[in-house]
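One letter stands for each residue in the lines below.
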Amino acid sequence: MNIFEIAEQGAKMLPEKYKTMPAEELEERVRAVKSRLGKKLFIPGHHYQKDEVIQFADATGDSLKLAQLSAENKDAEHIVFCGVHFMAETADILTTESQKVYLPDMRAGCSMADMADIRQTEKAWSRLSAMFGDTMLPLTYVNSTAAIKAFVGAHGGATVTSSNAEEMVEWAFTQKERLLFLPDQHLGRNTAFNLAIPLDRMAVWNPISEILEYEGNLEEVKVILWKGHCSVHENFTVANIEQVRADYPGMKIIVHPECRREVVERSDLAGSTNFIIQAIEKSAPGTHWAIGTEMNLVNRIIQSHPDKKIISLNPNMCPCLTMNRIDLPHLAWSLEMAAEGNAVNRITVSEPDASNARLALERMLARS
């Protein structure tokens, strides 16, 4: 969310007292609320969260898994989502009306999700439909806003994850001749390429210039990629790979498919966050790895596997800045407000959007 959207929603900011409170007191306050609310409280924590927050999570995982767990946890009246805005939206979409979803800091957005807003998407669909007619199906990465998920659902499309993107792209081509892939061009490109779709049959829609970036015959276009990206994963480069190959001969490089195409093709392995975690877990002691994903997770993997040599593919990489908005002070404040019945920074998705977004999610879940 940008600062104007935060203001429009009347988001409340962290009171001063929490900013100066010692970590020990904040931790004790969190434990006290967890003890007081018991099963009425559920804290999902995304893999990219800080250790100071993730230590209190009732479940860890990727965004969709955590939203599904929130929905399955029928006893939970309060869901304090430690992640970013679109993740909390997905949890609200899947949970019941009696369950309340909160985001401890409303500034915790996602730059990728923000690269495709509904006005841009509606305009793009109109322009692209004029070019290609009724030959397109929209797919959106779950890392997108509720409004985009709703748009996709209303137009017969579905959501995808980094784990099932190939399966969902294959399904999309059974429905239509072409697909529009939102909002991450790199995941879309890597997925389509893995399914033997040539790069020269992929076009890029630029929502800023409102131009389809493509050289060639439009009839040849199979995949239209939205010009968006993850600000973390786009910072892994070919130069990083070349440096690792030079400094650590024999070290395996594993990256997330949100990385650029040239990075993925020069790596040894590429896959979702869960794929990366499991690959390291299953590897033999003494193996060497360079990981191309978010730094909080990389550091946690390093700590969990002292028997292996593990580094970040980019040694200068910072943690995801928006994920890091959720910290111990915000978590303590959010929990205490929820315990007092004060719905601070509650995330709600309108029923029309929620209904259409559920369609997009259900089409995916029926095939995954």
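Residues numbered from 1 in each chain as written. Predicted model: local features only at pLDDT ≥ 70, side-chain atom pairs only at ≥ 80, totals over all residues. Heavy atoms only, no water.

- The name an unreviewed UniProt entry assigns to the protein chain is Quinolinate synthase, from the organism Bacillus infantis NRRL B-14911.
- Its UniProt record, at the heading Catalytic activity (unreviewed entry), says of the protein chain: "iminosuccinate + dihydroxyacetone phosphate = quinolinate + phosphate + 2 H2O + H(+)". (UniProt positions renumbered as here; feature names shortened; annotations may be inferred.)

Comments concerning the UniProt feature "binding site: [4Fe-4S] cluster" (unreviewed entry) in the protein chain
Point 1. The sites that UniProt annotates as "binding site: [4Fe-4S] cluster" (unreviewed entry) are Cys-110, Cys-230 and Cys-320. In terms of the greatest pairwise C-alpha distance, the residues named above, spread along 211 residues, form a tight cluster of at most 9.6 Å across. Of the annotated set named above, Cys-110, Cys-230 and Cys-320 line the second largest pocket.
Point 2. Tracing the sequence through the fold places Cys-110 in the loop between strand E5 (100-102) and helix H7 (111-114).
Point 3. Its relative accessible area of 14% is what places Cys-110 among the buried residues.
Point 4. Here Cys-110 is in contact with Val-84, Phe-86 and Thr-322, once residues within four sequence places are set aside. (1 Å grid on protein atoms, 1.4 Å probe; cavity = no way out; pocket = protein on both sides within 12 Å on 5 of 7 lines; lining within 4 Å. Helix = DSSP H or I, 4+ residues; strand = E, 2+ residues; numbered from the N terminus. Buried < 20%, exposed > 50% of the residue type's maximum accessible area, 1.4 Å probe, protein only. Contact = heavy atoms within 4.5 Å.)

Points about the side chain of Thr-90
Point 1. Considering the arrangement of structural elements, one finds Thr-90 in helix H6 (residues 85-94).
Point 2. You can call Thr-90 buried: its relative accessible area is 5%.
Point 3. At 3.0 Å, the side chain of Thr-90 forms a polar contact with the backbone oxygen of Phe-86.
Point 4. Beyond its immediate stretch of four places on either side in the chain, Thr-90 contacts Ala-67, Lys-149 and Leu-361. (Polar contact = N/O pair within 3.5 Å; in protein donor to acceptor, adjacent residues only side chain to side chain.)

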